[in-house]
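Take a look at the letters that make up each chain.
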Amino acid sequence: MNSSQFVVSIDKNSDIHAIGRYIENQIDENWQTLLHQNRDKLLDAFNKVDDMAYGAYCYKLFRPIHQQLKQAGLYPSPWLPGNFNSSREWGADQSDRQRWMWSAIASQEGKALGTIVTIIFHDHTQFRLPRQPQAIALTETSKEAVVATLSERSTDFTNALEFQVEYAEYLQSLENRKRS
């Protein structure tokens, strides 16, 4: 039996693990269809704006999930898949990378329920998702606790720099080259 044979639903009383299963199910059901339906637009976007095409893909993938979460009285912050600036990326080479981002989930009353970590596998040499995106549900909600938990799960995550830090170092290296 595959996951599409299970009906996964959420409501305002769902715990973070049920929300994570729901999001995983939605990703499983839609990720390839969206790639096929939008292939030409995404390839064109990649050729024009490079990796920002993955952001366009994520918007299409997560927009219906946001609508369903809102209907259930659940609110991600920031919007799924998460804040690019605090995300971390790594991979064996440029054609097989993964970026981990996260969003805290709260009830309509403002009660923190946990965090959904989204993993987007992607290629920097062409527009391609080597594997299905994934979602991990965590009970932690603060940035520090999420980073600590993800660091326990993955040494690659531990060793990867937060995007803001990585980008600042990149800009500094460019500045240093100009001075040389």
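Please refer to the structure placed before this passage.
### Topic: the environment of Q68
Next, step 1: Mapped onto the elements, Q68 comes out in helix 3 (residues 52-71).
Next, step 2: Sequence separation of Q68 and E175 is 107 residues, and the distance between their C-alpha atoms is 46 Å.
Next, step 3: Contact partners of Q68, with chain neighbours within four places excluded, come to I10, Y22 and Q26.

### Remarks on the pattern of salt bridges
Next, step 1: Scanning the entire structure with this criterion turns up seven salt bridges.
Next, step 2: The shortest N-O distance in the salt bridge between E89 and R97 comes to 3.1 Å.
Next, step 3: Across the salt bridge formed by R179 and E175, the nearest N and O atoms sit 3.8 Å from each other. Of this pair, R179 and E175 both sit in helix 6 (residues 163-179), four residues apart, which is roughly one turn of that helix.
Next, step 4: Residue R179 is classed as exposed on the basis of its relative accessible area of 61%.
Next, step 5: Through salt bridges with shared partners, a single network forms among E89, R97 and R99.

### Some details on a nonpolar patch on the surface
Next, step 1: On the surface, a nonpolar cluster with roughly 300 Å² of combined accessible area is contributed by Y167, Y170 and L171.
Next, step 2: Secondary-structure assignment places Y170 in helix 6.

### A few points about the packing of aromatic side chains
Next, step 1: Under the defined criterion, the tally for this structure stands at 10 aromatic pairs.
Next, step 2: Ring plane angle 35° and centroid distance 5.7 Å describe the contact between W100 and F157, whose orientation is recorded as tilted. On the criterion of sequence distance, the pair formed by W100 in strand 3 (residues 96-107) and F157 in helix 5 (residues 155-159) is long-range, its members being 57 residues apart.
Next, step 3: Using a relative accessible area of 7% as the deciding quantity, one classes W100 as buried.
Next, step 4: Connected via pairs of aromatic rings, a cluster forms that spans F84, F163, Y167 and Y170.
Next, step 5: It is R88 that lies over the ring of F157; its NZ or CZ is 4.4 Å from the centre.

### Structural notes on the nonpolar core
Next, step 1: Ranked by size, the top nonpolar core spans 31 residues in total, and within it I19, I23, Y57, F62, I116 and F127 carry the most contacts.
Next, step 2: If you list the elements that add at least two residues to this core, you get helix 1 (16-37), helix 2 (39-49), helix 3, strand 3, strand 4 (112-122) and strand 5 (134-138).
Next, step 3: If you look at the next biggest cluster of nonpolar residues, it comprises 13 residues, including V117, I119, L138 and A160.

### Re the packing of helix 2 against helix 3
Next, step 1: Between helix 2 and helix 3, whose axes approach to 7 Å, the crossing angle comes to 145°. Where helix 2 approaches helix 3, its residues L42, A45, F46 and V49 are matched on the opposing element by M52, A53, Y54, A56 and Y57.
Next, step 2: Residues of the contact of helix 2 with helix 3, tallied by class, amount to nine nonpolar, no polar and no charged.

### A short note on the pairing of strand 4
Next, step 1: With 10 of 11 residues buried, strand 4 is to be regarded as a mostly interior element.
Next, step 2: Direction of pairing for strand 3 relative to strand 4: antiparallel, over a ladder of 10 bridges. Bridge pairing in strand 4 links A106 to A112.
Next, step 3: With antiparallel pairing between neighbouring strands as the criterion, strand 3 and strand 4 make up a hairpin whose turn holds four residues, including G110 at a positive phi of roughly 90°.
Next, step 4: The pairing of strand 4 with strand 5 spans five bridges and is classified as antiparallel. Note that in strand 5 the partner of I116 across the bridge is A137.

Rules behind the numbers
Residues numbered from 1 in each chain as written. Predicted model: local features only at pLDDT ≥ 70, side-chain atom pairs only at ≥ 80, totals over all residues. Heavy atoms only, no water. Helix = DSSP H or I, 4+ residues; strand = E, 2+ residues; numbered from the N terminus. Contact = heavy atoms within 4.5 Å. Salt bridge = Lys/Arg side-chain N within 4 Å of Asp/Glu carboxyl O. Buried < 20%, exposed > 50% of the residue type's maximum accessible area, 1.4 Å probe, protein only. Patch = residues over 30% accessible without salt bridge, like charges linked within 9 Å, V, L, I, M, F, W, Y side chains within 5 Å. Areas by Shrake-Rupley, 256 points an atom, 1.4 Å probe, with all protein chains shown as cover. Phe/Tyr/Trp six-rings, centres within 6.5 Å; stacked < 30°, edge-to-face > 60°. Lys NZ or Arg CZ within 6 Å of the ring centre and 35° of its normal. Core = buried A, V, L, I, M, F, W, Y, C linked by side-chain atoms within 4.5 Å. Axes fitted to C-alpha atoms, helices over the stretch in contact; angles between N-to-C directions. Nonpolar A, V, L, I, M, F, W, Y, C, P; charged D, E, K, R; others polar. Pairing = 2+ DSSP bridges.

What is shown is where atoms sit, not what they do.
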